[in-house]
Amino acid sequence: TAIALALSQHARAIAEPPKTGARLSPRQICAVQAYVEEHLERSIALAELAAAAGLSSFHFLRAFKQSLGVTPGQYVVDQRMARARSLLKSSKLSIAEIGISVGFDYSSHFARAFRRAVGTPPSAYRSSL
């Protein structure tokens with residue numbers, strides 16, 4: 001009985017390793033990133049990204065968040081804002097045209113999302129360059 005009690009106490013004293021959860025493989029991450037880059041100008045559904053990684057939507061969402069630290073939706077928005085900043089710097093397209101080219105249906109939605117992500121409206125960002 002004493003041995004069983006000692007083993008029980010010892011087992012409780014050992015900390016369990018933290019659960020890390022499933023992660024995407026580097027190949028899956030590259031496939032998803034390429035898919036987002038190719039289809040950035042249109043709406044991208046979670047199911048499409050999951051299919052690019054070869055997972056169900058449920059497992060993909062958890063694995064993506066665990067691997068990259070952001071949700072797939074936030075990742076797509078971040079990529080759209082990165083491309084928008086690049087286009088605002090290097091092209092003569094209007095702000096509305098840039099908004100459409102990075103996947104926003106309305107320039108007002110683009111301007112609001114840009115201001116939220118960057119901290120300044122697209123017109124002010126462009127004029128500050």
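In case you missed it, the structure is sitting above this.
The notes below deal with the structure included here.

The rules behind these values
- Residues numbered from 1 in each chain as written.
- Predicted model: local features only at pLDDT ≥ 70, side-chain atom pairs only at ≥ 80, totals over all residues.
- Heavy atoms only, no water.
- Salt bridge = Lys/Arg side-chain N within 4 Å of Asp/Glu carboxyl O.
- Helix = DSSP H or I, 4+ residues; strand = E, 2+ residues; numbered from the N terminus.
- Buried < 20%, exposed > 50% of the residue type's maximum accessible area, 1.4 Å probe, protein only.
- Core = buried A, V, L, I, M, F, W, Y, C linked by side-chain atoms within 4.5 Å.
- Contact = heavy atoms within 4.5 Å.
- Phe/Tyr/Trp six-rings, centres within 6.5 Å; stacked < 30°, edge-to-face > 60°.
- Lys NZ or Arg CZ within 6 Å of the ring centre and 35° of its normal.
- Polar contact = N/O pair within 3.5 Å; in protein donor to acceptor, adjacent residues only side chain to side chain.

**A closer look at the pattern of salt bridges**
Step number 1: Throughout the structure, instances matching the rule amount to 2 salt bridges.
Step number 2: Between Arg-83 and Glu-37 there is a salt bridge, with its nearest N and O atoms 2.7 Å apart. Highlighted residues: Arg-83 in helix H5 (residues 72-90) and Glu-37 in helix H2 (residues 26-38), separated in sequence by 46 residues.
Step number 3: Taking the relative accessible area as the measure of exposure, Arg-83 reaches 22% and is therefore partly exposed.
Step number 4: Residue classification places Glu-37 among the partly exposed residues on the basis of a relative accessible area of 43%.
Step number 5: The partner of Glu-48 in a salt bridge is Arg-42, and the shortest N-O contact between them spans 2.7 Å.
Step number 6: Taking the relative accessible area as the measure of exposure, Arg-42 reaches 31% and is therefore partly exposed.

**Remarks on the nonpolar core**
A general trend in soluble globular proteins is that nonpolar side chains are found buried together.
Step number 1: Ranked by internal contacts, the top residues of the largest apolar core, which has 15 residues, are Val-32, Val-36, Leu-49 and Phe-60.
Step number 2: Elements supplying a minimum of two residues to this core: H2, helix H3 (46-53), helix H4 (57-68) and H5.
Step number 3: Per element, the largest residue contribution to this core is 4 residues, and it comes from H2.
Step number 4: Filtering out sequence-adjacent residues up to four positions away, Phe-60 remains in contact with Leu-24, Val-32, Leu-46, Leu-49, Ala-50, Ala-53, Leu-55 and Pro-72.
Step number 5: Of all hydrophobic cores here, the second largest spans 11 residues; its members include Met-81, Leu-88, Phe-104 and Phe-110.

**Some points on the packing of aromatic side chains**
Step number 1: Going through the model one piece at a time under the given rule, you end up with 5 aromatic pairs.
Step number 2: Ring geometry for Phe-104 against Phe-110: centres 5.7 Å apart, planes inclined by 55 degrees, an arrangement best described as tilted.
Step number 3: Plain terms: the ring middles of Phe-114 and Tyr-125 are 5.4 Å apart, the flat faces sit at 70 degrees to each other, and that makes the pair edge-to-face. Taken together, the residues span a long stretch of sequence, with Phe-114 in helix H7 (residues 107-118) and Tyr-125 in helix H8 (residues 122-127) at a distance of 11 residues. Comparing Phe-114 with Tyr-125 shows no difference in burial state: the two are buried.
Step number 4: Above the ring of Phe-104, the side-chain terminus of Arg-80 is found at 5.9 Å from the ring centroid.

**Focus: the side chain of Gln-28**
Step number 1: Among the structural elements, Gln-28 can be located in helix H2.
Step number 2: For Gln-28, a relative accessible area of 11% translates into the label buried.
Step number 3: For Gln-28, the side chain forms a polar contact with the main-chain oxygen of Ala-53, separated by 2.8 Å.
Step number 4: Ignoring any residue separated from it by four or fewer positions in sequence, one finds Gln-28 in contact with Arg-23, Ala-53 and Leu-55.

**Focus: the environment of Glu-37**
Step number 1: The spatial distance from the C-alpha of Glu-37 to the C-alpha of Ser-127 is 26 Å, given a sequence separation of 90 residues.
Step number 2: In this structure the side chain of Glu-37 is engaged in a polar contact, spanning 2.7 Å, whose partner is the side chain of Arg-83.

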